Structures are given as structure tokens and as C-alpha cells.
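Chains, contacts and geometry: an overview
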Amino acid sequence: MEVAARGQATLAGWITRDVLLTAFFVSGMSVGYVLEQRYDSLVVVVPTAVFSFVAAYALCYIVHEWGHYLGARLTGIKMPLSPYKGALLGKFEIDKYDRRQYLALSYGGDLGHVLVTLIGVSCYLLFDLGTAGAWFAIGGLAFSVQALAVDLPIVFKVRGGADIIPTADAGTQPAVILRRTWQTWIPLGLVLLAYSLSI
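Report on the accompanying structure.

Thresholds, definitions, all that
Residues numbered from 1 in each chain as written. Predicted model: local features only at pLDDT ≥ 70, side-chain atom pairs only at ≥ 80, totals over all residues. Heavy atoms only, no water. Helix = DSSP H or I, 4+ residues; strand = E, 2+ residues; numbered from the N terminus. Buried < 20%, exposed > 50% of the residue type's maximum accessible area, 1.4 Å probe, protein only. Lys, Arg positive; Asp, Glu negative; His and termini not counted. Salt bridge = Lys/Arg side-chain N within 4 Å of Asp/Glu carboxyl O. Contact = heavy atoms within 4.5 Å. Axes fitted to C-alpha atoms, helices over the stretch in contact; angles between N-to-C directions. Parallel < 35°, antiparallel > 145°, perpendicular 65-115°, else oblique. Left-handed = near helix turned anticlockwise from the far one by under 90°. Nonpolar A, V, L, I, M, F, W, Y, C, P; charged D, E, K, R; others polar. Expected span 1.5 Å × (residues − 1).

1. Side note on the side chain of Glu65
Within the fold, Glu65 resides in helix H2 (residues 42-74). The charged side chain of Glu65 is buried without a salt bridge, its nearest counter-charge being Arg17 at 8.2 Å. If we skip the residues at most four places from it in the chain, Glu65 touches Ala87, Leu88, Leu89, Gly90 and Phe92.

2. Examining the packing of H2 against helix H4 (residues 130-159)
With their axes 7 Å apart at the nearest point, H2 and H4 run at an angle of 40° to one another. Between H2 and H4, the angle falls in the class oblique. Between H2 and H4 the crossing geometry is right-handed. Contacts between H2 and H4 involve Val45, Thr48, Ala49, Ser52, Phe53, Ala55, Ala56, Tyr57, Leu59, Cys60, Tyr61 and His64 from the first element and Thr131, Ala132, Trp135, Phe136, Ile138, Gly139, Gly140, Ala142, Phe143, Gln146 and Asp151 from the second. Its residues placed into classes, the contact of H2 with H4 shows 15 nonpolar, seven polar and one charged.

3. What to know about the packing of helix H3 (residues 99-126) against H4
Closest axis-to-axis distance for the H3/H4 pair is 9 Å, and the angle between their directions is 160°. In this view, H3 runs roughly antiparallel relative to H4, as classed from their interaxial angle. Handedness of the crossing formed by H3 with H4: left-handed. Classifying every residue of the contact of H3 with H4 gives 18 nonpolar, seven polar and four charged.

4. Remarks on H2
For H2, spanning 33 residues, the distance from its first C-alpha to its last is 47 Å, which sits close to the expected 48 Å at 1.5 Å a residue. Backbone geometry just after H2 places Gly76 at a positive phi near 90°.

This is how it looks when you write it as C-alpha cells:
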């Protein structure tokens, strides 16, 4: 095992950071659930809904990044770790990946957030988790739909034989991401509005 230079990110450091973030979000939702059971008022319900939605987004993102990392490692990519303050776990060096490695890295990220979403939706459907459970499920669905709208067109083109670098570069341009985000968020926003008005 390589010893990291002073101040350099380590795998143990990233695990610690993400376990602490996960504990923070799960604890916050738990507090919201308990308070909602005791005080069923908008003063509790609204912050619980907002926190749970954000928690779902954050946890989907965390597991999405770990999925990228594991997909990369399983195909032999030695992905350098990013600094802790950043949002990306690893530094993507796609000019060094072959098609199989790039697709494994991509699939890993998407499987990660889809797994979190499936767990959130399943828990909501199987257990009475109140506002926290409902908005966690909605947040997970929102993240998954948005991420898949950005990722899948790139993956399908690369699977079909397109060159990795220009395809990934074109598909991850800020204007493209913003357009695909709005294309998914308009219908999602309507669903959220309909759900909010129904409760």
C-alpha cells in the first residue's frame, strides 16, 4: 500500500469523509422523522422535506462517485484521488482508458445512484417513514433521472463505437448538462408540485 504524502488524499480519508457525511444526512432525516411524529406542523414538515431531498441528492452523488471509482478499479484503472474538499472522488483521465474501462467507470457511477434510489423508494413503499421517506425517495428519483439523462447518451455513443474523448467532452459541456438538466427537471418539477398539492 502506498503511503500518501502529507496533505494528499487517501482512500481511508475519503471513506471517513463519506461515512461521516452519510451519518450526518441519515441522522438529520431521523431527527426530522421523530419531530414530525411528535409535532405534525409545517414548521417541522417543510424543513424535513427540504433536508431529505438534499440528503437524497448528496447520498446519490456520494455513491455515484464510489461507483465510478469501483468500476475503474475493477478494470485496472489506477484512478488518482481528488482532494477532500472537492466533489469528485477520483480524477478522470479518460485519455488513458480503453472502451471497456470507460464503460465500466460509467456504469459503476450510474449503478451507484440507481441503487440508492431503489433503496429509498423501496423503504418509502414498504415502511411508514413520513415526510423524510417520501422526499428522500423523490430526491433519489430526481438525481437518477437527471444523471441518466446526462450520462446515457454518452454511454450509448461510446458503446456504439464513437471515440471516447470527443464524445465525453461534447456530452459534458456545461450547456449540454444544463439543457438536459432542465429537460428532466421540468417534468420532475410538475410531479413534485402535484405531489406537494396532494399532501
